[in-house]
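# An overview of the molecular structure
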Amino acid sequence: MFKIKKLPEDKFSIDAGEAHGIFPTSEFSVFSCEDSGTAASQLGTATIESIRAFESILKLSGNTSPSCIPDDAVALQTSVGEVGDDKALLIYVDRSSLGKQAAAWDAWTSAIEEYLLHTNSRIYPIRLVDDRNKSHIEITLKGTRLVFNIWDGVTRGLGLEHMHASIEPRVEHISPILHGAAHYFRHLNRTPQRGILRDKVDVEFTMLQETNEYDDELLAILQPCGPNLVKNGRAEIVADDQTMYGLKITNKSAVPLYASVFYFDSSDLSIGMVMLP
């Protein structure tokens, strides 16, 4: 949820924009902060009037009156609006394998129907496609277990062609993967419409070596050694238990920026936190 700020001329804003996954077509529900998120406290709805990297101006929808929006109001994104393939998880279903086992097909159809009825499907939509080469993931059946092959160009280009784990074709096993995959690929491939920070932030990934100096906790101070391993936006390494690596992010703009760093694990489609401001 995002706190709503009142502006002159009955306008409202939130401190969230393209950098936070807000789209020009996003839709919001407006709540009073007290008991927020319940139907009883909903004050109305809003859409986007204008959007920047870190701020959006809201436009109240329907019969929502500016006078009924209290100082502690919050906005909850409920939909990304008109959805193109760039915002949806694209799934190819191998009907030739799943169709051979009625139980597996029934489990898949029940899981996708359950997902589409879930509120989450408006924020992280799913689309079925007829060409595996245009999909993010392919669902197929090998033996008696479901396998998830990865066709996303970024992930497959790194050499990972399928999730490590296979699952039994049961709704309770399929549903978490659908939710996780929709969340994973939405954020992995999310790109602002205007890349205003691309030339203002440098990212360096280098090997590290110990110095003869120590910090207050008596840990050796590390320093970079060797060249920046980032080439064309990618650093490829062969990990071992000896070599240490460091990440350096440099803000070249005049605006204070605070980095949030996450780890995208394509083997299980999870997103882990590395660092928050």
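A word on the environment of Ser110. Positionally, Ser110 belongs in helix 2 (residues 102–117). For the pair Ser110 and His173, spaced 63 residues apart in the sequence, the C-alpha separation amounts to 12 Å. Looking at Ser110, its side chain comes within polar contact range of the main-chain oxygen of Asp106, at 2.9 Å.

Right, let's talk about the sheet that holds strand 7 (residues 89–93) for a bit. Sheet strands pair by backbone hydrogen bonding; their relative direction is either parallel or antiparallel. In spatial order, the strands read 8-7-9-10; together these four strands make up an open sheet with mixed pairing. In this open sheet, the two strands that pair with only one neighbour each are strand 8 (126–128) and strand 10 (145–150). Pairs of neighbouring strands in the sheet enclose a mean axial angle of 30°, with direction left out of account. The pairing of strand 7 with strand 8 spans three bridges and is classified as parallel. Each bridged residue has a counterpart across the sheet, and for Ile91 the counterpart in strand 8 is Leu128. Of the strands in this sheet, strand 7, strand 8, strand 9 (137–142) and strand 10 are in contact with helix 5 (residues 171–188), which crosses strand 7 at around 135°.

A rise of 1.5 Å per residue sets the reference length of helix 2, with its 16 residues, at 22 Å; its end C-alpha atoms lie 23 Å apart and thus fit the reference within 8%. Turning to helix 2, its buried residues number three or more, namely Ala104, Ala107, Trp108, Thr109, Ala111, Ile112 and Tyr115.

About the criteria used
- Residues numbered from 1 in each chain as written.
- Predicted model: local features only at pLDDT ≥ 70, side-chain atom pairs only at ≥ 80, totals over all residues.
- Heavy atoms only, no water.
- Helix = DSSP H or I, 4+ residues; strand = E, 2+ residues; numbered from the N terminus.
- Polar contact = N/O pair within 3.5 Å; in protein donor to acceptor, adjacent residues only side chain to side chain.
- Pairing = 2+ DSSP bridges.
- Axes fitted to C-alpha atoms, helices over the stretch in contact; angles between N-to-C directions.
- Contact = heavy atoms within 4.5 Å.
- Expected span 1.5 Å × (residues − 1).
- Buried < 20%, exposed > 50% of the residue type's maximum accessible area, 1.4 Å probe, protein only.

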